[in-house]
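# Remarks on the overall topology
Letter by letter, the chains look like this.
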Amino acid sequence: MVFFAAPELLLAVQNAVGNYGFSPVEKSKERFVFERHAKYFGRYLKLMPEFAQQGDCQRMTMVFFALSALDLLGVLDKTISGQKRAQFIDWIYSLQVVPDIKGKETNPGRFGFQGARDMGSRFNPECEPVEANLFESGHLAMTYTALASLAILGDNFGRVYRKEIIQSLRHYQLDDGSFRGTEDGEVDMRFVYCACAISYMLNDWSGINIDKAVDFITKSQGYDGGIAQEPGSESHGSFAFCAISSLYMMGRLNAISTEKREELLGWLLMRQESGFQGRPHKPVDTCYSWWVGSTIYLLGEGALINTKEIRSFLFQTQNTISGGFAKHVDALPDLLHSYMGISGLSLQGELGIRPVHPALNISMKASRNLTYRRCLQPITLKECIAMTFVAATIVSGSRERSHIAISFPTLMLYFTSLFERLLS
């Protein structure tokens, strides 16, 4: 007998149950300074610290980190009012490159979102066609974070130039299946991920040659089992995330053979000391609690992570005075590592943090704002029994005695999503 479920539900079963057992985690003695983290991210929505101003051209990504962190912490509605939320949505749309009012397009790949407004561009939140500015061009990474931020804010993508953005994806894909981030920009696995995330959120894959993209990803797996930014380069934890997340969103995880999958999983698990490192012989780093951790979850093996060690390491890198997370222990916090620290703790089922989508890196709640329904995937009777066992054990109160790899709200979210699809 075969049933059907959303892909996120399958991940929940695979990660929470290993041979129908749990992965218990002792509660850490360290304290998660929730309120100070919330204030830390809230400050970034009001002003940019001097040391961060050098990254002003990537302001869209900084806003994404702050918005998504507050959403994961469940305090976004308290931090920004309805009027302020509308202003943020308008600001994001003002970064969109719109069609030329005269219909003349000199750069077919220029559409999407920019990281910030510059070069004399006008504030145009209504996204009405204007005379083309030759210096304006969207960027795949900024387009990904802009769409993700709009989803977090509950926007319906009503002002997004979907067709034009998809056209740009087609323009940026190279013959080997890889992507560049913008015209004459860098080419590597990061932009394969951004292109896939954009297509996934817009529910339109016509801008990507999926077979070529899959071929580029599989050829980037090295002799050691890890995945690099391109074929022949050094394996790296963040590129493994970009590759596996892209395959997941394309529905092509099966493109990696069982043998290669086991090699990759072994490489990823070897990256854990206390926290995760990005490469062999490198120090553990807060951000890899997300990059490596989520990749393991996407492979369905989250129960193999030593959650106690991850949480202990992350609590050492959090700043208990100002909030935020640092890259290493005894270092100063920064926005990127602070967000990845929150996401990493969400993966481990930390109490008080909403479940995170392991591929999009936004909350599961925000992912449900995307206005489409994903295809159902078949699950077996054995997996259905496992899901029932997990739910029954959680409801019976075992969650009070131990931390397990999936939280009760997460499981309920998955079941709700499943039933909605079965009834639709």
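Residues numbered from 1 in each chain as written. Predicted model: local features only at pLDDT ≥ 70, side-chain atom pairs only at ≥ 80, totals over all residues. Heavy atoms only, no water.

### A short note on the packing of aromatic side chains
Tallied over the entire structure, the rule returns 13 aromatic pairs. Their ring planes at 75° and their centres at 6.4 Å tell us that F32 and F34 sit as a pair that is edge-to-face. In this structure F32 comes out as buried when scored by relative accessible area, which is 13%. Using a relative accessible area of 22% as the deciding quantity, one classes F34 as partly exposed. Considering the side-chain rings of Y40 and F41, the 5.4 Å spacing of their centres and the 90° angle between planes classify their relative orientation as edge-to-face. (Phe/Tyr/Trp six-rings, centres within 6.5 Å; stacked < 30°, edge-to-face > 60°. Buried < 20%, exposed > 50% of the residue type's maximum accessible area, 1.4 Å probe, protein only.)

### What about a positive patch on the surface?
Judged by side-chain charge, R31, R36, K39 and R43 come together as a positively charged surface patch. Mapped onto the secondary structure, R31 falls in the loop between helix 1 (7-16) and helix 2 (34-44). Here R31 falls in the exposed class, since its relative accessible area comes to 59%. (Patch = residues over 30% accessible without salt bridge, like charges linked within 9 Å, V, L, I, M, F, W, Y side chains within 5 Å. Areas by Shrake-Rupley, 256 points an atom, 1.4 Å probe, with all protein chains shown as cover. Salt bridge = Lys/Arg side-chain N within 4 Å of Asp/Glu carboxyl O. Lys, Arg positive; Asp, Glu negative; His and termini not counted. Charge placed at Lys NZ, Arg CZ, Asp CG, Glu CD. Helix = DSSP H or I, 4+ residues; strand = E, 2+ residues; numbered from the N terminus.)

### Section: the confidence of the model for the protein chain
Per-residue confidence for the protein chain gives a mean pLDDT of 84; residues scoring 70 or more make up 79%. Under a pLDDT of 50 for its full length, residues 372-380 has, in the predicted model, 33 contacts with residues more than four places off or in other chains. Scored below 50 in pLDDT, residues 393-410 makes 36 contacts in the model with residues more than four places away or belonging to other chains. (pLDDT = per-residue confidence, 0-100. Contact = heavy atoms within 4.5 Å.)

### Topic: the environment of F315
By the secondary structure assignment, F315 is in helix 13 (residues 307-317). Since its relative accessible area comes to 5%, F315 is described here as buried. Between the C-alpha atom of F315 and that of L345, which follows or precedes it by 30 residues, the distance is 9.5 Å.

### Considering the environment of D155
Position of D155 among the secondary structure elements: in the loop between helix 6 (140-152) and helix 7 (162-172). Separated by 70 residues in sequence, D155 and R85 have C-alpha atoms that sit 9.8 Å apart. Once residues lying within four places of it in the same chain are set aside, the contact partners of D155 are I89, Y93 and L150. A distance of 2.5 Å separates a polar atom in the side chain of D155 from a polar atom in the side chain of Y93. (Polar contact = N/O pair within 3.5 Å; in protein donor to acceptor, adjacent residues only side chain to side chain.)

### Re the side chain of D188
Secondary-structure assignment places D188 in strand 5 (residues 187-188). Judged by relative accessible area, D188 falls into the buried class, the value being 5%. At a separation of 2.8 Å, a polar atom in the side chain of D188 contacts the side chain of R190. Those residues in contact with D188 that sit more than four places away from it in its chain are F179, Q229 and F239.

### Topic: the packing of helix 2 against helix 14 (residues 335-347)
One way to put it is that helix 2 packs onto helix 14 with a least axis distance of 12 Å and a crossing angle of 135°. Relative to helix 14, helix 2 is oriented oblique. Of the two possible hands of crossing, helix 2 and helix 14 adopt the one that is left-handed. In this structure, helix 2 uses Y40, F41 and Y44 to contact helix 14, whose residues at the interface are L335, S338, Y339 and I342. When its residues are assigned to classes, the contact of helix 2 with helix 14 shows six nonpolar, one polar and no charged. (Axes fitted to C-alpha atoms, helices over the stretch in contact; angles between N-to-C directions. Parallel < 35°, antiparallel > 145°, perpendicular 65-115°, else oblique. Left-handed = near helix turned anticlockwise from the far one by under 90°. Nonpolar A, V, L, I, M, F, W, Y, C, P; charged D, E, K, R; others polar.)

### Here's the deal with the packing of helix 6 against helix 8 (residues 189-202)
Axis separation between helix 6 and helix 8 bottoms out at 9 Å; the angle between their running directions is 35°. At the point where helix 6 passes helix 8, the crossing takes the left-handed sense. On helix 8, the residues touching L140, A141, T143, Y144, L147 and A148 of helix 6 are F191, Y193, C194, A195, A197, I198, M201 and L202. Its residues placed into classes, the contact of helix 6 with helix 8 shows 13 nonpolar, one polar and no charged.

### As for the pattern of salt bridges
With the rule as written, the count across this model stands at 12 salt bridges. Ionic pairing is found between D215 and K219, a salt bridge with its closest N-O pair at 3.1 Å. Highlighted residues: D215 and K219, both in helix 9 (residues 210-219), separated by four residues, approximately one helical turn. By relative accessible area, which is 32% here, D215 ends up partly exposed. Judged by relative accessible area, which is 52%, K219 ranks as exposed. Here E263 makes a salt bridge to K260, at a shortest N to O gap of 3.8 Å. Of the two residues, E263 and K260 both sit in helix 11 (residues 258-269), three residues apart, roughly one turn of that helix. Residue E263 is classed as partly exposed on the basis of its relative accessible area of 28%.

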